[in-house]
Amino acid sequence: MTRLLTMSPNRIVLSLVLVVVTASLVADARPATFLQDFRITWSDSHIKQLDGGRVIQLVLDQNSGCGFASKSQYLFGRVSMKIKLIPGDSAGTVTAFYMNSDTDQVRDELDFEFLGNRTGQPYSVQTNVYAHGKGDREQRVNLWFDPAADYHTYSILWNHHHVVFSVDEVPIRVYKNNEAKGIPFPKFQPMGIYSTLWEADDWATRGGLEKIDWSKAPFYAYYKDFDIEGCPVPGPSTCASNPSNWWEGTSYQQLDALAARRYRWVRMNHMVYDYCTDKSRYPVTPPECVAGI
């Protein structure tokens with residue numbers, strides 16, 4: 001089954017069996033499968049297509065984790081996907097969804113990392129921002145629902161003004177463009193879209209105190225309904241600087257009143273770690289925290 005949508009230029013919508021319309025790249029809509037727009041980067045035996053290709057299953061066992069990436073890179077826009085995380089005892093596992101410039105010394109990266117838990121404990125999502133090679137900007141939020149019971153939508157909005165990480169349209173992290181104050185902001189390098197499932201029991205759950213229980217393996221995470229809207233690279237050179245791109249519009253340059261209330265609610269009730277307030281790591285508050293995150 002495909003979704004037929006009316007689209008603006010530079011939009012790619014993927015439902016894993018999908019239609020892709022990108023006026024700057026192709027003249028007509030074309031049907032596509034997952035592998036036409038993504039590539040498996042790690043352990044193809046651990047990635048499976050289900051439900052006629054509408055759902056992708058990632059598998060972690062004692063032999064391997066796995067991962068995939070977009071074939072194209074994008075400079076500004078929004079990317080989202082629906083994910084159903086590992087149920088039950090998932091301690092020591094990390095399910096990641098992120099954007100990365102794939103450059104070594106000066107990489108840009110925008111991360112969602114879902115940190116596994118012991119049964120009955122809340123799932124934490126860690127976000128991080130790398131700009132011009134500088135990262136270590138972790139924040140953690142305990143999700144207010146069971147992310148393994150059903151699919152939820154996770155999205156990254158990236159424009160010239162800020163980066164917004166959202167869960168079911170609720171913003172959980174905002175990283176503002178404070179270049180005028182000398183603070184790096186990712187805006188020069190296109191980024192690909194990646195997802196991985198892997199073992200990280202040296203740090204993922206309670207700082208590494210909780211180890212992975214391999215008797216519960218294999219572990220499964222599920223993905224569907226990828227939505228990518230952005231400027232593909234290579235592509236028209238003027239796309240990324242075009243102020244008429246919807247994601248650069250006035251209503252996307254800052255949180256509206258409802259989104260701002262939701263953002264404050266998350267930070268007051270569900271944030272469990274913020275590098276900005278970690279004096280053991282940063283005796284001097286990082287400048288972007290003072291300037292407004």
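What counts, and where the lines are drawn
- Residues numbered from 1 in each chain as written.
- Predicted model: local features only at pLDDT ≥ 70, side-chain atom pairs only at ≥ 80, totals over all residues.
- Heavy atoms only, no water.
- Helix = DSSP H or I, 4+ residues; strand = E, 2+ residues; numbered from the N terminus.
- Buried < 20%, exposed > 50% of the residue type's maximum accessible area, 1.4 Å probe, protein only.
- Contact = heavy atoms within 4.5 Å.
- Phe/Tyr/Trp six-rings, centres within 6.5 Å; stacked < 30°, edge-to-face > 60°.
- Lys NZ or Arg CZ within 6 Å of the ring centre and 35° of its normal.
- Disulfide = S-S within 2.5 Å.

S.K.: Could you clarify how one ought to interpret the environment of Phe76 in this entry?
M.R.: Position of Phe76 relative to the elements: it lies in strand β8 (residues 73-84). On the basis of relative accessible area, Phe76 is assigned to the buried category, the value being 3%. The sequence separation of Phe76 and Ser241 amounts to 165 residues, and the corresponding C-alpha distance is 9.2 Å. Once you skip the residues sitting within four places of it in the chain, Phe76 turns out to touch Trp158, Asn159, His160, Pro186, Lys187, Glu229, Gly230, Cys231, Ala240, Trp247 and Glu248.

S.K.: I would appreciate a short explanation of the packing of aromatic side chains in the present structure.
M.R.: How two aromatic rings sit relative to each other is given by the distance of their centres and the angle of their planes. Evaluated as defined, the whole model comprises 19 aromatic pairs. When the ring of Phe112 is compared with that of Tyr154, the centres are 6.0 Å apart and the planes differ by 70 degrees; the resulting orientation is edge-to-face. In this pair, Phe112 is assigned in strand β10 (residues 109-115) and Tyr154 in strand β13 (residues 152-158), connecting sequence segments 42 residues apart. In terms of burial, Phe112 and Tyr154 fall into one category: buried. Geometry around Tyr222 places Lys84 over its ring, the cationic atom sitting 5.6 Å from the centre. Geometry around Tyr130 places Arg107 over its ring, the cationic atom sitting 3.8 Å from the centre.

S.K.: It is not clear to me how the state of the cysteines should be interpreted in this structure. Could you clarify?
M.R.: Between two cysteines, a covalent bond joining their sulfur atoms is known as a disulfide. Across all of its chains, the model carries 2 disulfides by this definition. Each sulfur of the disulfide joining Cys231 and Cys239 lies 2.0 Å from the other. Handedness here is read from the sign of the S-S torsion; for Cys231 and Cys239, about -75 degrees, the answer is left-handed. For the pair shown, Cys231 and Cys239 are each scored as buried. The disulfide pattern of the protein is 1-2, 3-4 when the bonded cysteines are numbered in sequence order.

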